[in-house]
Every structure is written in C-alpha cells, then in structure tokens.
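Coordinates in review
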Amino acid sequence: MKADIVICGGAVIGSAIAWFLEDLGFDGEIVIVERDPSFANSSTALSASGIRQQFSQAINVQISRFGVDFIKSAPDRWGVDLNLHEQGYLYLANTESGAQVLRQNHAVQVENGADTLLLDPAQLAAQFPHLNVHDLTLGSFGPSGEGWFDNMGLLNGFRQTSDTKRIVDDITGLTLTNNKVQSVQLASGGTLSCGVFINAAGPNAASIAAMAGIELPVEPRKRTNFMFDCANSPPPTVPLMIDPTGVWCRPEGQHFLTGCCPTDDGPVDPDDFTPDHTQFEEIIWPALAARSVNFEAIKASRFWAGHYAYNTLDQNAVTGRHPEISNFFFANGFSGHGLQQAPAVGRAIAELVTAGSYQTLNLSPLGFERILSKTPFEEKCVI
Ligand SMILES: Cc1cc2nc3c(=O)[nH]c(=O)nc-3n(C[C@H](O)[C@H](O)[C@H](O)COP(=O)(O)OP(=O)(O)OC[C@H]3O[C@@H](n4cnc5c(N)ncnc54)[C@H](O)[C@@H]3O)c2cc1C
C-alpha cells in the first residue's frame, strides 16, 4: 500500500493535522494509522480539557489564542458547540518570587493580546470570596479566552475529514533510505510506503521516533484526575484555580475536578493507568481545605489516570521537520497542554507540509533543533 502522507496516531493531534491538510486543499492520499480507535487510553480522551492564555512563552499564548477562536467558531464550521466555559484560570502566588513570575508572565501575555489581570490579595478577596487569601501575594486571572471545553467534541470535529483513510493497526517499524522514511511496518504484517511521515503518537512518541533512529526526550508521565463533591459548594461560576502548592481545581457541572503533580514524578510504564488514590488524601484535600472553607468537606466520586507526553528538556511541544530526515515531522511532547494546542499545531504542520514553511503562526521556536543542541525553550506555566 502507498500513501503520500502517513500520520501515526489519530487522536486530537493526528486528526487535526489531517483535517487542516484537507482544509488547505491537499489532494494527495493521507493515511492515519491508529491502533486503538476507541481512544480509551489516549491523552485526548483522559484530558482535563482546559484552555488558557496564561503561558510564559509568547508562542504558547499565540497558539492558545488561535485555539480559543477556533473552538468558539466550531458551531459555524461543524454545527457543533464545543461548550466552552469561559470562566478563566486563576494562578495564585504566596511568595514574592512567585508574584514576580506572575508579573513577568503577565507582561508576555498582555503583549501577545491575552486578557490577563493581576489581582492583589484585597482584589482577590473581593472577586473570589470563597478563597482564603491571607497568605497570598498576588493572583493572575484571565477573564476571557480561558476555561474548559468538550475534548471529544474537538476530536470528533477533526475526525470529519472526507478523503483521509483511517487504518486500525499498530506501527511497529520504519524503514529509512537516504535519510528519508521510505515505509512503515504494521503489526498486521503489512507495509505502507510513504512520502511524508508524521509522528502524532502522544505519550508513545519517543518509541516511534526511535524507529527512525531519533532520540526524542518525551516520556509518559501519569496524572490522576479526581471528580469530587462538596458539602458546601462554591458557586459553579468560579474559575479554574491553580494553588501555590500546584494543586488545581475547577467546577465540572455540579461537581469539581482536581489534580496535582505527583511528588515522585517520573516516567511510567505505557500500560500503567492505575489512579494514584493517595494524592487525594495526602496532597489535594489538605491544599484545597486550606484555600477555602468550601473545600473542607469534600468526597471524591470518580477518578482516572492518563499520561502526559512529557518533554523532559523543557516541557514544551516539539513540532516541525527533522533537520536531516527531511520527510519526518514531529507533533509531540505537549506536556499537558496539547489539547488546546491541537488547532494551531494541526494547521501549522499542515502548512509546513504543503507550503514548506509556517504561514499562520511561526512555530520555529518549538523545532527539533533545540532538542539536538540541548537548548531548553522552557515553559514555566505547566500544570
Ligand atoms: C490527565 C490529563 C489532563 C490533561 N489536561 C489538559 C488540559 O487541561 N488542557 C490541554 O490542553 N491538554 C491537557 N492534557 C494534554 C492533552 O490531553 C494532550 O497533550 C493531547 O491530547 C495530545 O494529543 P495527541 O493526539 O498528541 O496524543 P493522544 O491523545 O495520546 O493520541 C496518541 C494516539 O496515538 C496512537 N498511537 C500511539 N502509538 C501508536 C502506534 N505505534 N501505532 C498506531 N497508533 C499509535 C494512540 O493509540 C493514541 O490514540 C492532559 C492530559 C492528561 C493525561
């Protein structure tokens, strides 16, 4: 079998790339190879589904601004409302150095058109009376362009392609000739020759890159999400809060959703999706109870674990063409913010493949060159 473009992984990133390739008028054969069309263990399906403008790198602010516009215009495009709850993110700092980081990030965000406000403790208390602000030095709040939305709705929208072929199979090897991916081996025994190969394999991205002899510093890291109920709930209109402890929390209908970074964070077995229950009792509940009297009596009702595709160099995406293997493209390492980046990255990779260069947003800072030279392009706002 033969294809002009083979995409490994058909969740939100792979499907976004295919959708934009078609949208830009690419008329060659696109094949997505996806080993699990239920997407049950994909990051896309297990995501907390947030979008924010509050990043430390200008390009990430621009990517999310593109994303939020795209999400808002889904009803016109697909006839589907992606249910954006534009309730904002609220970052809290409790030290002077933490406040300084929020001020620096704020300058970058505002310069790039984000609607972020800095709030002192008195302003925080007035606007968010459910919070205990006595220890806080500053807050950073985005009243628009931030919130959460329907993750599977976005995936299903991007799956509305007309000519892209979808194969259910597992990519098990790549054959290279003269520094080009020539063909893709499939677990079923077949071979697919390709003109362009795109790695959109999520937390499995490093093993796909390794098939081409490429070392990609992306590993699966487990994150457990907990849904909980409060005896005395704050209003469902409160923003997504990021406590100085790193614990985050947001409304989910009549419930709340929360999570944190594990204390022993590191790579996990690709098949390990066991939720880490101890986090709720030992890290999350104490932090939330200290932050709000409303969170003193809470009970977890649902929980699940998913994998970040964690870029150990700088917690930022790796996008674009490999400098030597000229038909190998990356869309990897999103480190917990890839759902919201799917529209902009999908479009950017489609532009790079069809036009040879980025046209809408210049994602060059996220290129593989920095991985080769081990020069971090660090994102400080990783939740
Ligand atoms: C708990 C959690 C919370 C998150 N919260 C947010 C958030 O609030 N906001 C946000 O923007 N992002 C968030 N993310 C991150 C976001 O979900 C991901 O960055 C995004 O979904 C990445 O999409 P993807 O298509 O690259 O990867 P995935 O969704 O993981 O898809 C990769 C696909 O590749 C397939 N695949 C892998 N290897 C092969 C192979 N060899 N052959 C064939 N197919 C293969 C897999 O089956 C899978 O379907 C969160 C992630 C997690 C786990």
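Check the entry above for the structure.
Keep in mind that what you see is a predicted model, and the values were worked out from it rather than measured. (Residues numbered from 1 in each chain as written. Predicted model: local features only at pLDDT ≥ 70, side-chain atom pairs only at ≥ 80, totals over all residues. Heavy atoms only, no water.)

According to the stated counting rule, one finds 20 aromatic pairs in the structure shown. On the basis of an interplanar angle of 55° and a centroid distance of 6.2 Å, the ring pair of phenylalanine 228 and phenylalanine 280 is categorised as tilted. Here the residue phenylalanine 228 occupies a position in strand β12 (residues 218–230), and phenylalanine 280 occupies one in helix α9 (residues 278–291), the gap between them amounting to 52 residues. For the residue pair phenylalanine 228 and phenylalanine 280, the accessibility class agrees, reading buried in each case. Through a chain of ring-to-ring contacts, the aromatic side chains of Trp19, Phe20, Phe66, Phe70, Trp78 and Phe158 assemble into a single cluster. Of note, arginine 52 hangs over the ring of phenylalanine 55, and the distance from its end group to the ring centre comes to 4.0 Å. (Phe/Tyr/Trp six-rings, centres within 6.5 Å; stacked < 30°, edge-to-face > 60°. Helix = DSSP H or I, 4+ residues; strand = E, 2+ residues; numbered from the N terminus. Buried < 20%, exposed > 50% of the residue type's maximum accessible area, 1.4 Å probe, protein only. Lys NZ or Arg CZ within 6 Å of the ring centre and 35° of its normal.)

The interhelical angle for the contact between helix α7 (residues 151–158) and helix α10 (residues 338–355), taken along N-to-C directions, is 25°, at an axis separation of 11 Å. Considering the angle they form, α7 stands roughly parallel to α10. Considering the relative orientation of α7 and α10, their crossing is left-handed. Residues Asn151, Leu154 and Phe158 of α7 form the contact with α10, whose participating residues are Leu339, Ala342 and Pro343. Taken together, the residues of the contact of α7 with α10 break down into five nonpolar, one polar and no charged. (Axes fitted to C-alpha atoms, helices over the stretch in contact; angles between N-to-C directions. Parallel < 35°, antiparallel > 145°, perpendicular 65-115°, else oblique. Left-handed = near helix turned anticlockwise from the far one by under 90°. Contact = heavy atoms within 4.5 Å. Nonpolar A, V, L, I, M, F, W, Y, C, P; charged D, E, K, R; others polar.)

Most of strand β15 (residues 255–259) is tucked away: four of the five residues are buried. As judged from the three bridges shared by β12 and β15, these two strands associate in the antiparallel manner. By the bridge assignment, phenylalanine 228 is partnered in β15 with phenylalanine 256. Pairing of strand β14 (residues 248–252) with β15, which is carried by five bridges, proceeds in the antiparallel orientation. Paired with tryptophan 248 across the two strands is glycine 259, which belongs to β15. Linking two consecutive strands that pair antiparallel, namely β14 and β15, is a turn of two residues; a positive phi of about 60° is found at glycine 253 within it. (Pairing = 2+ DSSP bridges.)

Once that is clear, we can look at the site of the ligand. Around the ligand sit 37 residues in total, of which Glu34, Thr44, Gly50, Asn204 and Gln340 are the nearest. One nitrogen or oxygen atom from the main chain of serine 43 is found 3.0 Å from an oxygen atom belonging to the ligand. At 2.9 Å, a backbone N or O of glutamine 340 approaches an oxygen atom of the ligand. Here the ligand has 1,000 Å² of accessible area as a free molecule, and 95% of this is covered by the chains. Going through the elements one at a time, α1 (12–23), β2 (30–34), α2 (43–46), β12, β16 (298–311) and α10 are the ones with two or more residues in the shell around the ligand. Across the shell around the ligand, the residue classes break down as 16 nonpolar, 16 polar and five charged. The residue makeup of the shell around the ligand includes at least three contributed by each of domain 1 (2–48 + 152–217 + 313–372) and domain 2 (84–147 + 219–311). (Near = heavy atom within 4 Å. Polar contact = N/O pair within 3.5 Å; in protein donor to acceptor, adjacent residues only side chain to side chain. Areas by Shrake-Rupley, 256 points an atom, 1.4 Å probe, with all protein chains shown as cover. Domains from an automatic or database assignment.)

This brings us to the packing of α1 against α10. α10 packs onto α1 with a crossing angle of 45° between their chain directions and a minimal axis gap of 8 Å. When the axis of α1 is compared with that of α10, the two are oblique. Of the two possible hands of crossing, α1 and α10 adopt the one that is right-handed. Between α1, through Val12, Ile13, Ala16, Ile17, Phe20, Leu21 and Asp23, and α10, the contact on the second element is made entirely by Gly338, Leu339, Ala342, Pro343, Gly346, Arg347, Ile349, Ala350, Val353 and Thr354. By residue class, the composition of the contact of α1 with α10 is twelve nonpolar, three polar and two charged.

Counting through the fold element by element, glutamine 87 comes out in the loop between α4 (74–78) and β4 (89–93). Non-local contacts of glutamine 87, meaning those with residues more than four positions away in its chain, are made with Phe141, Glu146, Gly147, Trp148, Pro236, Thr237, Val238, Pro239 and Pro251.

Ordered in space as β5-β6-β4-β13-β14-β15-β12-β16, the eight strands form an open sheet in which the pairing is mixed. Edge positions in the open sheet fall to β5 (117–119) and β16, since each of these has one partner strand only. On average, adjacent strands in this sheet sit at an angle of 20° to one another, irrespective of strand direction. Its contacts with the sheet put helix α5 (residues 96–111) on β4, β5 and β6 (138–141), and the angle it makes with β6 is roughly 25°. Across the sheet, α9 lies against β4, β12, β13 (240–242), β14, β15 and β16, angled at about 55° from β12, the strand it touches most.

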